[in-house]
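Results of the structural survey
If you want the building blocks of each chain, they are given just below.
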Amino acid sequence: MHISFRRSIWLAIASLGSIGTLYACATRRSAAGSLVTGDAAARVYVPPGSYDEFYAFMSGGYSGQVSVYGLPSGRLLKLVPVFSQFPEDGYGYNEDTKALLQTTYGFIPWDDSHHPELSQTDGVPDGRWLFINANNTPRIARIDLTRFETEEILQIPNAAGGHASPFTTPDTKYVVSATRFSVPMPNTDVPIASYKQNFKGNLSFVKANEPGKMDVAFQILMPGYDYDLGHAGKGPSDGWFFFTSYNTEQAYQKLEENASQNDKDFIVAVNYKRAEECVAQGKAKRTPAEYYHNWVDSSTHEAKSERKTSVPVIDPKDCAGIAYYLPTPKSPHGVDIDPTGEYIVGDGKLSTVIPVHSFKKMQLAIAAQAFDTTIDGIPVLKYDAVLAGEVQHPGLGPLHTEFDGKGYAYTTMFISSEIVKWKLGTWEVVDRIPTYYSPGHLMIPGGDSKHPWGKYVIALNKITKDRYLPTGPEMAQSAQLIDISGDKMKLLLDFPTIGEPHYAQALPASIIKDKQLKFQKLTDNADPWVTRSESDGGIVRTGKRVDVKLIAIRSHFAPDNFEGVQAGDTVYFHVTNIEQDWDILHGFAVLGMQNSELILQPGQTRTLQWIPRTPGVYPFYCTDFCSALHQEMQGYIRVSPAGSSVKLVANVSKKAQAQLAQDREHEKEHGKHERKER
Ligand code: K7E
Ligand code: CUA
């Protein structure tokens, strides 16, 4: 990995993407064979029936999801749907989860998710929740790690490109979201050329430590730059948050060139305790802003939506001491805080060094008012007054840094396709290893926390090329597991990943594996459409709406014959899996179903909407091979022409039918289930 300095500069100012690819291809063959050590296979082998040591959570990038892997094996354990509909289990298709994808732009079935972030207690991942951001329509999701399910999604108002998100404070009091794209605030019709007057950035602090109650605590108005990534302080720097920004040139066209002019851009250091004081003193302005908060009701397990209308916004001009700029070369991407909380590492994509700021020096510089200037109420500290040191000749295109907890930092070099290990304090490069190809983020379990489990680092590569059997023009993404337990990094394993894993998080499996829910107790199932026993199912009409209730159990549905539906009716199937045993699922699908199937966990009720257009008899069946007589797990629903006199019947007892009709009447009177009646 050696490159002349002149070539490095040339590469640095050229387009990152295309050059990275070329360079990666030019170098790949030479080192690949010699990299894998003799015992690599044994180091990643997890024998059948044994468990992996770590759970790893990978962002799905433009798939909008999260995938869960075991480490060191690299085995895919689960795909958790978050921002995208997932026909495999009906997420975002069934009536129970649709509300999670509600936004002020309407129902959005997709996003681009970049950064999974585990909740923390005292600066250490605690395994309660995983947060992840939506980049395109700014949102933050919370995934519950006893169920591995998305339980809450908060839209971020006044924002475009929720990229610097959802990094957490050490106590998970807040997760954050910063605007990648500055936009008019509020967003109105103005000439793009009025960027400098009208476009603003902002930093959102989101209350995160109460399930079902995520909300924007406050937003901080910022100059119209692009905000890229963030990380909270810890230890001595607890109470501070650091965000990178680029495009301090405030270019609004041809950013590739126009936003790469300035020698230094900024890391902004935000004193969020000071922000809290200003909010308490009434210095934040309640500003109209529409956004959605969506969450899963913990008793009914149905998602609900609430439209919110305003947020408190702090202008740094009204809250002295809330933020300071640390000049940082050059178009910085990652900002990473070492486990001690003293060092603030900036990764300038176009920089030839890795600059490291000192929190101690930053405080002294603030006290001494060592400012170059002030921008929109934010003092710019002097570079030399805050700099702890620079890592010289680290490689090309530094993007992200993680820590091993033993005094070393590891930085990805996108252009020179390598991970570089360097020592905190002396800033010397001590090791480097090629990666295949063009790594973005890297991840050490707990590697952005106070206590990294510094055994492995994973390179999350952007380009795969020839690493696997070819699969046409598009290849799966590629992760590489590297042993960092010794002095020298050792490549152990390549494994493909789903979507584009920007960032990932991992923690020891022991923290969460014994807290897993095995099934939902039927007695606790408060879904308004639950059917608890075989005789409780049935069919009821209310105008053009027909509700069908049935149970699923090995190996039948009950009832399993329904008549009286008419073409053009809106039918809701409410299916309850009454199994009370771990991992016994049933599925449900009807001929001509326009959305997706249902997959039902044991003890769970789910509702699927179906609008039959054509008279006929429609079979339905279980989609999950659940038992020896799974193929017998089927039924029929008859659809007659509109206005037909065919009576509503289900092959269920008369008593049960009367009860269902009574329930329905009761619900109508008491106005329940408005959501489903729409
Ligand atoms: Cu570097 Cu979106 Cu965190 Cu991807 S970002 S690499
Ligand atoms: Cu139930 Cu197959």
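1. Description of the overall build of the chain
Scanning the chain for helices and strands turns up 10 helices and 46 strands. Relative to the compact-globule value of 26 Å for 678 residues, the chain shows a C-alpha radius of gyration of 27 Å, a close match. A total of 678 residues make up the chain; the buried ones form 60% of that total. Per element, the accessible surface of the chain, about 26200 Å² overall, is 53% carbon and sulfur. Across the chain, the mean location of the 68 positive side-chain charges is 1 Å away from that of the 77 negative side-chain charges.

2. With respect to the sheet that holds strand 42 (residues 598–600)
As summarised here, the arrangement of the six strands in space is 42-41-44-45-39-46, forming an open sheet in which the pairing is mixed. Two strands bound the open sheet, and with one partner strand each, they are strand 42 and strand 46 (649–650). One ladder, built from six bridges, connects strand 44 (residues 616–621) with strand 45 (residues 634–640); its direction is antiparallel. Each residue of the ladder has a partner; that of Val617, found in strand 45, is Arg638.

3. Focus on the sheet that holds strand 32 (residues 456–461)
Within a sheet, each strand pairs with its neighbour through backbone hydrogen bonds, oriented either parallel or antiparallel. Taken in spatial order, the four strands line up as 31-32-33-34 in an open sheet, and their pairing is antiparallel. Looking at strand neighbours, the two that pair on one side only are strand 31 (439–443) and strand 34 (490–497), the edges of this open sheet. Shown here is a sheet whose adjacent strand axes are inclined to one another by a mean of 25 degrees, direction ignored. Two strands pair when backbone bridges link them, and strand 32 and strand 33 (residues 477–483) are joined in this way by six bridges, in the antiparallel orientation. Bridging from a neighbouring strand, Tyr456 pairs with Asp483 of strand 33.

4. A look at the pattern of salt bridges
Two side chains that carry opposite charge are able to pair once their charged atoms sit near each other. The tally for this structure, following the rule as stated, stands at 29 salt bridges. In this structure, the salt-bridge partner of Arg43 is Asp483, at a minimum N-O distance of 2.1 Å. Linking Arg43 in helix 3 (residues 40–44) with Asp483 in strand 33, this pair joins segments that are 440 residues apart in sequence. What makes Asp483 buried here is its relative accessible area of 3%. As a salt-bridge pair, Glu152 and Arg142 come within 2.9 Å of each other at their nearest N and O atoms. Pair noted here: Glu152 is in strand 9 (residues 149–155) and Arg142 is in strand 8 (residues 139–144), with a separation of 10 residues, a long-range link. Arg142 shares its class with Glu152; the two are buried. Each of the salt bridges in this network shares a partner with another, and the network as a whole consists of Asp39, Arg43 and Asp483.

5. As for the environment of Ser298
Here Ser298 shows up in the loop between strand 18 (285–296) and strand 19 (303–314). Between the alpha carbons of Ser298 and Ala208 there is a distance of 17 Å; along the sequence they are 90 residues apart.

6. Quick notes on the domain arrangement of the chain
Interface size is often expressed as the accessible area that is lost when the parts come together. Domain annotation for the chain reports domain 1 (54–515) and domain 2 (529–670). Once you take the C-alpha centre of each, domain 1 and domain 2 turn out to be 44 Å apart. Counting the surface lost from both domain 1 and domain 2, the interface buries some 980 Å², and carbon and sulfur atoms represent 40% of this. Contact with domain 2 buries area across many residues of domain 1, yet Tyr93, Glu95 and Asp96 alone supply 40% of it, more than any other trio. Applying the counting criterion to the domain 1 and domain 2 interface returns one salt bridge. One salt bridge connects Arg606 with Asp96, and the closest N-O pair in it is separated by 3.9 Å.

7. Brief notes about unusual backbone geometry
Cis geometry marks the peptide bond from Leu71 to Pro72; its omega dihedral reads 15 degrees. Non-glycine residue Asn158 carries a positive phi angle of around 55 degrees. By the secondary structure assignment, Asn158 is in the loop between strand 9 and strand 10 (162–164). If you check the backbone angles, Ser331 has positive phi at about 55 degrees while not being a glycine. You can see Ser331 is positioned in the loop between strand 20 (323–328) and strand 21 (332–337).

8. Comments concerning the site of ligand 1
Surrounding ligand 1, one finds His114, His115, His163, Leu229, His333, His400, Gly440, His441, Lys462 and His502. Taken together, the residues of the shell around ligand 1 sort by class into one nonpolar, eight polar and one charged.

9. Remarks on the state of the cysteines
Here the structure, examined in full by the defined rule, presents one disulfide. Across the disulfide, Cys278 is cross-linked to Cys319 (sulfur-sulfur distance 2.0 Å). Given an S-S torsion of about 85 degrees, the disulfide between Cys278 and Cys319 has right-handed geometry. A residue pair is termed long-range when its members are at least 10 positions apart, and Cys278 in helix 6 (residues 272–280) and Cys319 in the loop between strand 19 and strand 20 qualify at 41 residues.

10. A closer look at the pairing of strand 30 (residues 429–434)
When strand 29 (residues 418–423) meets strand 30, the two strands line up antiparallel, connected through five bridges. Bridge pairing in strand 30 places Lys421 opposite Asp431. Counted along the chain from strand 29 to the antiparallel partner strand 30, the turn is five residues long, and its residue Gly425 has a positive phi close to 100 degrees.

11. Some details on the packing of aromatic side chains
Scanning all chains against the criterion turns up 34 aromatic pairs. Ring geometry for Phe266 versus Tyr325: centroids 4.3 Å apart, planes at 25 degrees, classification stacked. Of this pair, Phe266 sits in strand 17 (residues 265–271) while Tyr325 sits in strand 20, and the two are 59 residues apart along the sequence. The two residues Phe266 and Tyr325 agree in class, both being buried. Members of the aromatic cluster, joined through ring pairs, are Phe557, Phe562, Phe573, Phe588, Trp610, Tyr618 and Phe620. We note Lys349 situated over the ring of Tyr246; from NZ or CZ to the ring centre the distance is 4.2 Å.

12. So, the environment of His666
Summarising the element assignment, His666 is placed in helix 9 (residues 654–669). Along the primary structure His666 and Gln634 are separated by 32 residues, whereas in three dimensions their C-alpha atoms are 31 Å apart.

13. A word on the nonpolar core
Generally speaking, soluble globular proteins have nonpolar side chains that are buried together. Counting 31 residues, the largest nonpolar core has Leu203, Phe205, Phe243 and Val270 as the members making the most contacts within it. Top contributing element to this core by residue count: strand 14 (residues 215–222), with four residues. Excluding residues that lie within four positions of it along the chain, Val270 makes contacts with Leu203, Phe205, Ile220, Gly239, Trp240, Phe241, Phe243, Ile322 and Ala323. Residues Phe588, Met593, Tyr618 and Val639 belong to the second largest nonpolar core, which totals 28 residues.

14. Observations concerning helix 6
Listing the buried residues of helix 6 in full gives Tyr272, Arg274, Ala275 and Cys278. Looking straight down helix 6, one finds its buried side chains confined to an arc of 145 degrees; they lie on one side. At its buried positions, helix 6 is contacted by strand 11 (174–179), strand 13 (199–207), strand 14, strand 16 (240–246), strand 17 and strand 19. Between a side-chain oxygen at the N-terminus of helix 6 and the backbone nitrogen of Lys273 the separation is 3.2 Å; the capping residue is Asn271. Among the residues trailing helix 6, Gly282 stands out with phi positive, at a value near 75 degrees.

15. Focus on the side chain of Ser177
For Ser177, the position within the fold is in strand 11. Apart from the residues lying within four places of it in its own chain, the contact partners of Ser177 are Ile140, Ile156, Gly162, Ala164, Ser165, Asn202, Leu203 and Ser204.

Rules used in this analysis
- Residues numbered from 1 in each chain as written.
- Chains lettered and ligands numbered in written order.
- Predicted model: local features only at pLDDT ≥ 70, side-chain atom pairs only at ≥ 80, totals over all residues.
- Heavy atoms only, no water.
- Helix = DSSP H or I, 4+ residues; strand = E, 2+ residues; numbered from the N terminus.
- Rg over C-alpha atoms; globule rule 2.2 N^0.38 Å.
- Buried < 20%, exposed > 50% of the residue type's maximum accessible area, 1.4 Å probe, protein only.
- Areas by Shrake-Rupley, 256 points an atom, 1.4 Å probe, with all protein chains shown as cover.
- Lys, Arg positive; Asp, Glu negative; His and termini not counted.
- Charge placed at Lys NZ, Arg CZ, Asp CG, Glu CD.
- Pairing = 2+ DSSP bridges.
- Axes fitted to C-alpha atoms, helices over the stretch in contact; angles between N-to-C directions.
- Salt bridge = Lys/Arg side-chain N within 4 Å of Asp/Glu carboxyl O.
- Domains from an automatic or database assignment.
- Buried area = accessible area lost by both parts, 1.4 Å probe.
- Near = heavy atom within 4 Å.
- Nonpolar A, V, L, I, M, F, W, Y, C, P; charged D, E, K, R; others polar.
- Disulfide = S-S within 2.5 Å.
- Phe/Tyr/Trp six-rings, centres within 6.5 Å; stacked < 30°, edge-to-face > 60°.
- Lys NZ or Arg CZ within 6 Å of the ring centre and 35° of its normal.
- Core = buried A, V, L, I, M, F, W, Y, C linked by side-chain atoms within 4.5 Å.
- Contact = heavy atoms within 4.5 Å.
- Arc of directions from axis to C-beta.
- Polar contact = N/O pair within 3.5 Å; in protein donor to acceptor, adjacent residues only side chain to side chain.

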